[in-house]
Amino acid sequence: MHNDPFVIAIDGPAASGKSTVGRLVAEKLGFLLFDTGALYRAVTLAALRRGVPIEDEARITDLARTIHIELIPATVADGRSYTVLVDGEDVTWAIRSEDVDAHVSAVSAYPGVREALKHQQRRIARQGNVVMAGRDIGTVVFPEAPLKVYLDASPEVRAQRRCEELRARGEEADFDEILAAVRRRDAIDSTRETAPLRVAEDAVVIHTDHMNIDQVVDAIVKLARERLEDPA
Ligand code: DC
């Protein structure tokens, strides 16, 4: 068996199911889930609340270096998988707002923001076996991760799933608007200069258009068990 913390990297585009799948994989294996998008969202929320213009790269970078972000086990039973604290305040739902959705890709394209959050991610992940969901975990943050998965799905399927998720929370959802937003984020996330979204050479690509969640989770758990038993 492995002695070092075992990192399962799950990368992929917006709304490809990384957090949902990651949570279930983590539960089955007894790992922690670390949804790294929450860090970029927390910086974006802090900027919006403090009135820092999203185009002000220097001030946004400074925010990423100075705000204190913590991901801890869920503190409220309201459907959340974990609690996000920024300087002690619970922002778990606030970081999922449309306003944050609309600006987070721009914030996450700043190299200084990525550098600051990369260190936080490595620090947090050293706490134990972990499933890390993000965009660049297998390529930049943990290139040595023993299991890398790239979850993909068509923009239409991802938009549909996002609509269903919002409606299940009692929020309104317009398919065309959500599809346009998914495409916009894909374009920014995959063309930015620093750590763009791409498939790591040694990643297992799982295309989920015609799979349900259980099938995806089972496939990843099986791969993880194989690699935990035989790390080589
Ligand atoms: O996974 P998510 O939708 O919560 O991510 C929000 C944004 O954060 C996404 O548009 C790109 C960015 N992100 C990133 O650049 N690198 C990561 N490891 C995770 C998220």
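Owing to the predicted nature of the structure, the values given are computational and were not obtained by experimental measurement.

Digging into the overall build of the protein
Logical step 1: Helices and strands together make up the secondary structure of the protein, namely nine helices and eight strands.
Logical step 2: The globule rule puts the C-alpha radius of gyration for 232 residues at 17 Å, and the 17 Å found for the protein is close to it.
Logical step 3: Reported as C-alpha extents along the three principal axes, the dimensions of the protein are approximately 50 × 40 × 35 Å.
Logical step 4: Across the 232 residues in the protein, those meeting the buried criterion constitute 48%.
Logical step 5: Long-range pairs, those at least 24 residues apart, make up 69% of the contacts in the protein between residues at least 6 apart in sequence.
Logical step 6: Counting 30 positive and 39 negative side-chain charges, the protein places the centres of these two groups 2 Å from one another.

Thoughts on the site of the ligand
Logical step 1: Neighbouring residues of the ligand: 15 residues in total, closest R41, R114, R135, R185 and R192.
Logical step 2: Here a nitrogen atom of the ligand and a side-chain polar atom of D136 are 3.0 Å apart.
Logical step 3: Between the ligand and the protein, one listed contact pairs an oxygen atom with a side-chain N or O atom of R185 at 2.6 Å.
Logical step 4: Against a free-state accessible area of 450 Å², the protein chains account for coverage of 97% of the ligand.
Logical step 5: Mapped by element, the contributors of at least two residues to the shell around the ligand are α2 (37-50), α4 (98-108) and α8 (175-191).
Logical step 6: Across the shell around the ligand, the residue classes tally to two nonpolar, five polar and eight charged.

A word on the sheet that holds strand β5 (residues 89-90)
Logical step 1: Strand order in the open sheet formed by three strands is β3-β4-β5, and the pairing between neighbours is antiparallel. Edge strands, defined here as strands with exactly one partner in the open sheet, are β3 (69-73) and β5.

Side note on the sheet that holds strand β8 (residues 204-207)
Logical step 1: Strand order in the open sheet made by the five strands is β2-β6-β1-β7-β8, with parallel pairing throughout. Sheet topology places β2 (32-35) and β8 at the edges, where each strand pairs with a single neighbour. Within the sheet, the average angular offset between the axes of one strand and its neighbour, ignoring direction, is 20°.
Logical step 2: Its contacts with the sheet place helix α9 (residues 213-229) against β1 (7-11), β7 (147-152) and β8, and it is angled at close to 165° to β7.

A look at the layout of surface pockets
To locate leftover empty space, one rolls a probe as large as a water molecule over the atoms.
Logical step 1: Taken as a whole, the second largest pocket encloses approximately 420 Å³ of empty space.
Logical step 2: If you go around the second largest pocket, you meet 19 residues; those closest to its centre are L32, L33, L71, I72 and P73.
Logical step 3: Those elements that provide at least two residues to the lining of the second largest pocket are α1 (18-29), β2, β3 and α5 (111-125).
Logical step 4: Here the lining of the second largest pocket takes five residues from β3, the largest share from any one element.
Logical step 5: Its residues assigned to classes, the lining of the second largest pocket shows twelve nonpolar, three polar and four charged.

Examining the environment of P146
Logical step 1: When you line up the elements, P146 lands in the loop between α6 (137-141) and β7.
Logical step 2: Exposure remark for P146: the relative accessible area of 24% places this residue in the partly exposed category.
Logical step 3: Spatially, the C-alpha atom of P146 lies 6.8 Å from that of I8, the residues being 138 residues apart in sequence.

Side note on the pairing of strand β6 (residues 130-134)
Logical step 1: Extensive coverage of β6 is indicated by the burial of five of its five residues.
Logical step 2: With five bridges joining them, β1 and β6 adopt parallel strand pairing. Within β6, the position partnered with I10 by the bridge is A133.
Logical step 3: The pairing of β2 with β6 spans four bridges and is classified as parallel. Residue F34 lies in a different strand from β6, and its bridge partner there is M132.

Cut-offs and rules
Residues numbered from 1 in each chain as written. Predicted model: local features only at pLDDT ≥ 70, side-chain atom pairs only at ≥ 80, totals over all residues. Heavy atoms only, no water. Helix = DSSP H or I, 4+ residues; strand = E, 2+ residues; numbered from the N terminus. Rg over C-alpha atoms; globule rule 2.2 N^0.38 Å. Buried < 20%, exposed > 50% of the residue type's maximum accessible area, 1.4 Å probe, protein only. Contact = heavy atoms within 4.5 Å. Lys, Arg positive; Asp, Glu negative; His and termini not counted. Charge placed at Lys NZ, Arg CZ, Asp CG, Glu CD. Near = heavy atom within 4 Å. Polar contact = N/O pair within 3.5 Å; in protein donor to acceptor, adjacent residues only side chain to side chain. Areas by Shrake-Rupley, 256 points an atom, 1.4 Å probe, with all protein chains shown as cover. Nonpolar A, V, L, I, M, F, W, Y, C, P; charged D, E, K, R; others polar. Pairing = 2+ DSSP bridges. Axes fitted to C-alpha atoms, helices over the stretch in contact; angles between N-to-C directions. 1 Å grid on protein atoms, 1.4 Å probe; cavity = no way out; pocket = protein on both sides within 12 Å on 5 of 7 lines; lining within 4 Å. Points joined across faces, edges and corners; volume = space filled by probe spheres on them.

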